[in-house]
Amino acid sequence: MTRGVLAAIGALALVGCAPRNEPKPPPVVVTPPPATCGGAPMRVRFFDVGQALSVLVELPDGRAILVDAGESPKRPGCGAPCAAWNDHLLDGVTSSLGGRPIDLLWITHPHSDHLGGVPELLEKVAVKAYADNGRDLDKKPVQRARNAVVAHGAKLHEIVPGAKSPLPDGTGLTLRPILPETFPPSCAQGDANDCSIGLRIDYCKSSVLFTGDAEAAEEALLDPGGPVTLLQVGHHGSETSSSPSFLAKAAPKYAVISSGKPHEGTNATYCHPRKKTVEKLDQVLGGQQGKALRVFDGAVSCKGAGEDHWSDVPTSDRLFATARDGDVTLVTTGDGTFVRK
Ligand SMILES: [Zn+2]
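What counts as what
- Residues numbered from 1 in each chain as written.
- Predicted model: local features only at pLDDT ≥ 70, side-chain atom pairs only at ≥ 80, totals over all residues.
- Heavy atoms only, no water.
- Helix = DSSP H or I, 4+ residues; strand = E, 2+ residues; numbered from the N terminus.
- Contact = heavy atoms within 4.5 Å.
- Phe/Tyr/Trp six-rings, centres within 6.5 Å; stacked < 30°, edge-to-face > 60°.
- Buried < 20%, exposed > 50% of the residue type's maximum accessible area, 1.4 Å probe, protein only.
- Donors = N, O, S within 2.8 Å, 3.2 Å for Na, K, Ca; no water.
- Tetrahedral: all angles 85-135°; square planar, octahedral: opposite > 155°, others 65-115°.
- Salt bridge = Lys/Arg side-chain N within 4 Å of Asp/Glu carboxyl O.

Draft legend 1. Summary view of the environment of Ser207. Checked against the element boundaries, Ser207 lands in strand β9 (residues 206-210). Separated by 33 residues in the primary sequence, Ser207 and Thr174 have C-alpha atoms spaced 9.3 Å apart. Excluding residues within four positions of it along the chain, Ser207 makes contact with Arg200, Ile201, Asp202, Pro227, Val228, Thr229, Leu230 and Phe338.

Draft legend 2. View of the packing of aromatic side chains. In the structure shown here, the tally under the stated rule is three aromatic pairs. The interplanar angle of 75 degrees and the centroid separation of 6.1 Å between the aromatic rings of Tyr254 and Phe338 together place this pair among those described as edge-to-face. Placement of the pair is Tyr254 in strand β11 (residues 254-257) and Phe338 in the loop between β15 (328-332) and β16 (339-340), with a sequence separation of 84 residues. On the basis of relative accessibility, which here comes to 11%, the residue Tyr254 falls in the buried class.

Draft legend 3. Structural view of the coordination of the zinc ion. The zinc ion binds to the protein through Asp113 (OD), His114 (NE2), Asp213 (OD) and His236 (NE2); the donor distances cover 2.1 Å. If you look at the zinc ion, its four donor atoms make angles of 88 to 157 degrees with each other, and the shape they trace is irregular. All donors to the zinc ion come from one chain, and their sequence spacing reads D-H-x98-D-x22-H. On the criterion of sequence distance, the pair formed by Asp113 in helix α3 (residues 112-115) and Asp213 in the loop between β9 and α7 (216-219) is long-range, its members being 100 residues apart. Judged by relative accessible area, Asp113 falls into the buried class, the value being 10%.

Draft legend 4. Examining the environment of Leu222 more closely. Residue placement: Leu222 occurs in the loop between α7 and β10 (230-232). Distance from Leu222 to Leu179, taken between C-alpha atoms, is 6.1 Å for residues 43 residues apart in sequence. In contact with Leu222, other than residues within four places in its own chain, are Ile178, Leu179, Pro180, Thr211, Phe246 and Lys249.

Draft legend 5. Local environment of the pattern of salt bridges. The final tally for this structure, using the stated rule, is 18 salt bridges. Two residues, Arg176 and Asp169, come together in a salt bridge whose shortest N-O distance is 3.3 Å. You can call Asp169 partly exposed: its relative accessible area is 38%. Put simply, Lys291 and Asp325 hold a salt bridge, and the shortest N to O gap is 3.3 Å. Here the residue Lys291 occupies a position in strand β12 (residues 289-296), and Asp325 occupies one in helix α10 (residues 322-325), the gap between them amounting to 34 residues. By relative accessible area, which is 12% here, Asp325 ends up buried. Put simply, Lys74, Glu120 and Arg144 are held in one network by salt bridges that share partners.

Structural data, given as structure tokens:
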């Protein structure tokens, strides 16, 4: 990184951010919606970006939030799949927004499959504000992303425990960072997944919760702010997330898994989603029996595992998966339900 870029980063105004040593975040309190609330659509679009995550939330008042930006098209060893995922994301975001800017780009944690696509996104779409957890600033993908943020003039926000949302609430809308009071030891020990910064959006009687790749250690410390209508399934449906106690707290009605297809690109070494996780989600979601989903039996290692460790299991019709369903767009009018469009 050049001296000029470092100086530019140092000069950034961290608007609306809590100081680093904020003692405790306030409890998550969601204001009850007014009696006449909702009507306008809120769209939540999970892009099929393979073994990665990127979700566009179009708020009912016209503002837009993108949670994570998918994988870098240049990830070493990934090649064509990663480039195709990034192309799909850029096409999807630009067509959805039709020239409007992204009001907030929220990066859950600094892994390549979540912030790798930031530089390419910023080349295509105006972004007003960018938020991350302020960690791993010596890592190349983080530097690429932050340098692009500086170059394109987006406001940079570091979200730490106690921080408020960089975007203000709106009519019938509340936006809340979902972080533990302190991150679990695994976060400081190098597990970036357990440093994920979550985001909860409430719109009248509907809500959506993103937790990035938070695993069981972080989930145990999270207050999701009560039951949630729609859940982004943690860590691509891995067995290391979606702990029973967390699912009991969040009690989602609908859930979406964003992962690669079996053997596709980087999912060849992760084998997401896992059978046990899908079974747990099925129990929590209820609903009718829907289409089968191809899942991996986590009793064996993904490395070198053959096709016989993958199987098709029937799932709830309230569970969606990008590997099976492609892009998943769920729409609510604030009435506590989501409908797929
Ligand atoms: Zn991930």
